[in-house]
Amino acid sequence: MKPMNDEFYIGYLPKAPAATARHVRRVVLALAAGVVATGAVLAVVLPYLGAGVFEFGQVRDFRGVVRCDAMHAPRLTDTEVDYLLVGPGKRGALEMCGAEGQTVTLAGTLITRDGRRVIETAGPARQTAEGAAGSEEPPVSLGIMTLTGEIVDPKCYFGVMNPAEGRAHRACAILCLRGGITPVFVAKDRTGATAHLLITGLRGEPITEELLRWVGEGVAGKGEVVRMGRWLTWRLDPASLSFAGK
Amino acid sequence: MSTVYAAVGWSRQKRIYDLTFGGVLVGYLAIFAGVSVALFPAATAETILIRAFGTAAFLLLHVILAIGPAARLDRRWLPLLYNRRHLGVTMFGLAAVHGLFSLFQFHALGVLDPFVSVLVSDGSFTRLETLPFQVFGLLALGILFLMAATSHDFWLNNLSAPVWKALHLMVYVAYGLIVAHVAFGVGQMAGGEWVLVGTALGAAALVTLHLAAARREAATDCEAPSQAGWVTVCGVDEIIDGRAKIVAAGGERVAVFRNGETFSAVSNACQHQNGPLGEGRIVDGCITCPWHGYQYLPETGASPAPFTEKVCTFRLKVGDGKVWLDPRPLPPGTRVEPATRA
Ligand code: FES
C-alpha cells in the first residue's frame, strides 16, 4: 500500500492528515480552475441571438393614429413610424382596436430591433383634438410566396427577451400568442437576410390556434404577402406549413 | 454522530470546505455573468441568471456524482465526500433559482397559470424536437427538493437508513431527467451542439468512474470458501493491525477487524449512510467509518455511549493460522468475545 494511503481522514477533527490535505488542495485548485474556465466557455458558446432593446421602466407618450384592420393587429402610425402594439405581460393590446382610426396619445414602453418598433402599452389610448384621421392606404399585394423561417411572438422577439427564438423560448412564445399578441413570421432567405411579416389567415383574419404547434421551430409555408402601412402581412394557409429544420 | 440535532454540526474542516466551495461557486457565477455581459451587451439580466444558475447546478451535480466513486478508488478524495450533502443542498438551491426565474420569465403574466403553462405550453410528445423539456426539469427539481429537504441526519434516523439511502439514490434519476432537460432544451438551440458534446463527455466520465469503482468492489464480492458453516477470511497475518479485511459471506459484506492480537467482525455497512466500515480504521479502540467518522466498539458493534448507532456483529474463530467467520449475522449490538490468536 502506498504510504500516503496510510493516512486516515476524520472530518470532525480540526486538521486533515498532511498528505491527504495536500492532495485535496491540489484537487480543489484544479477543480476550481476547471469549473471557472467552464463557466467562461459556456458563456461564449451559448450566444444571445437578438439585438433587441426593451426600454424597461421608461414609460413615455407616443402619438399617432390607431390602425387595427381585419386582422386585429393593433398598430400606432404616424408619418414617420409604424408601431405594433402589444399589452403588458404576455398579452395583446386588442382593446386599442376600440380607437380605430383615431388620433391618440398612448403611454408605453418602446421595444426595438432591426428597425422594427413595438410599444408595450401602459394605459388606455387618450383621444386628441385631431379626432378621426382618414382611412389608411389600401393594402398592396406583393404576390403569393413560399417562405422559410420561424413563427415568433413579436413582443419577446423584438426586444423583451433574448433569446426569444428557438426551442427554449417556444413555450413562452406560445403563451404570448395565446394571450392575443399578433404572430410574426421571421422569414430567412439563403443569405441569412430576414424579413418580418405579421401572420394572418387566408382572408386576412386573425389566426392563432392553428399556428401554435409550429411556433419556435424552422418551418415553411405559403401565402400571399401584402403590404400594409410599413408592415408586411402574410396571408398564410396554415395547411401549407411544414417543418423545415433549423 | 451526535445525540442532539443541530442544523449543521460545524467543525473547522466543514468551515474550510464550505468557504472554499462558496468561493468557487461565486467565481463561476461571476465569470459566467461577466463574460456574457462583455460579449453580448444586449443580453437581459434574467436570461443571464437563468443560464448561470442552470449551468452551475448541472456542473455541480457532476462533481457531486463523481466524488463517491472517486473516493472508493482513491481514499484521498474522502475529505470531499465528508461534507457532500452541503453540495447537494446548494445544488438544489441553484436549480430552484434557475427554475423559478424560468417560470417567471417564460410562463408568468400570461393567460394560463404559470404552473399549468409549464406543463402544457410547450407542445407534444409526438415529435422528438418538441418533447417538453420543462417537464423533465420540473420532475428533477421535485426529486432534488425531496433530497435536500431530507438531507439532515434527523431524517436519516426517522426514515431509517435503507429508506433514506433509496430516496437519495434517486439522484441518478434526477441526473437522467436533467440530461433530458438539457438535451431537449438548450441542446436544440444555437450553440447547443457544444452543450450536447459536453453533456455526453460528462456522462461518459461519470459512467466510467462508477464502473471502475464497481469493479474494484466486485473484487471483494466473490464468496469465500466455507467449511462446516465457517468461512475462511484470510491468514491471521494478512490483516494489518487497526484495519479490516472485507469478505462476502451469506450475501453480505462483512468487515473483519484486527485490534492488536484480537479479531472482531461487524457488518460492512455503516448505520449512518452505508459507508464501508471495512475501509475504516480502529481509532481510540473504536471502529471508525471512513466517510463521516461514526464509531463502533469492535466487540459489540454499538457506538460508545451516549451514541446509539448499532451494526450487526459476527462470530469469529482463529485456527490453522487463519481467521474463520460464521456468516450468520447476530442482531445489531450483540456482544461477541473477540477471537484471539491461539
Ligand atoms: S456513512 Fe457516514 S459515518 Fe459512516
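All values reported here derive from a predicted model rather than from experimental measurement.

Basis of the calculations
- Residues numbered from 1 in each chain as written.
- Chains lettered and ligands numbered in written order.
- Predicted model: local features only at pLDDT ≥ 70, side-chain atom pairs only at ≥ 80, totals over all residues.
- Heavy atoms only, no water.
- Domains from an automatic or database assignment.
- Buried area = accessible area lost by both parts, 1.4 Å probe.
- Salt bridge = Lys/Arg side-chain N within 4 Å of Asp/Glu carboxyl O.
- Polar contact = N/O pair within 3.5 Å; in protein donor to acceptor, adjacent residues only side chain to side chain.
- Helix = DSSP H or I, 4+ residues; strand = E, 2+ residues; numbered from the N terminus.
- Nonpolar A, V, L, I, M, F, W, Y, C, P; charged D, E, K, R; others polar.
- Core = buried A, V, L, I, M, F, W, Y, C linked by side-chain atoms within 4.5 Å.
- Buried < 20%, exposed > 50% of the residue type's maximum accessible area, 1.4 Å probe, protein only.
- Contact = heavy atoms within 4.5 Å.

All names here are of chain A. With domains assigned, chain A is organised as domain 1 (53–132) and domain 2 (140–243). For domain 1 and domain 2, the distance between their C-alpha centres works out to 20 Å. In total, domain 1 and domain 2 occlude about 2,400 Å² of area from one another, counting both sides; carbon and sulfur atoms represent 61% of this. It is Met-71, Lys-90 and Arg-116 in domain 1 that bury the most area against domain 2; as a group they hold 32% of the surface buried on that side. For the interface between domain 1 and domain 2, the tally reads two salt bridges. A salt bridge links Glu-165 to Arg-113, with the shortest nitrogen-to-oxygen separation between them at 3.5 Å. Where domain 1 touches domain 2, the interface holds eleven residue pairs in polar contact (both at pLDDT 80 or more). For the side of domain 1 that touches domain 2, the elements supplying multiple residues, two or more each, are β1 (53–54), β4 (82–86), β5 (102–113) and β6 (116–121). Each residue belonging to the side of domain 1 that touches domain 2 can be placed in one class, and the counts come to 13 nonpolar, six polar and twelve charged.

We now examine the nonpolar core. By size, the foremost hydrophobic cluster in this structure holds 74 residues, and its most contacted members are Met-91, Ile-178 and Leu-277 of chain B. For this core, the element with the most residues is helix α2 (residues 45–73) of chain B, which contributes 13 residues. Mapping this core onto the domain boundaries places at least three of its residues in each of domain 1 (12–220) and domain 2 (226–340) of chain B. Counting residues in hydrophobic clusters, the runner-up holds 23 residues, among them Met-71, Ile-111, Phe-158 and Trp-231 of chain A.

Residue and element names in this part refer to chain B. By the assigned domains, chain B splits into domain 1 (12–220) and domain 2 (226–340). Listed as interface residues are 13 residues of domain 1 and, on the opposing side, 15 residues of domain 2. Both sides together, the interface formed by domain 1 and domain 2 hides about 1,400 Å², and carbon and sulfur atoms give 44% of it. The largest contributions to the domain 1 side of the interface with domain 2 come from Arg-72, Arg-75 and Thr-220, which together make up 33% of the buried area. Counting across the domain 1 and domain 2 interface gives two salt bridges. Across the pair Arg-72 and Glu-279 runs a salt bridge, and its minimum N-O distance is 3.4 Å. Where domain 1 touches domain 2, the interface holds six residue pairs in polar contact (both at pLDDT 80 or more). Residue assignment for the side of domain 1 that touches domain 2 shows that the elements contributing at least two residues are α3 (78–82), α7 (153–159) and α8 (161–169).

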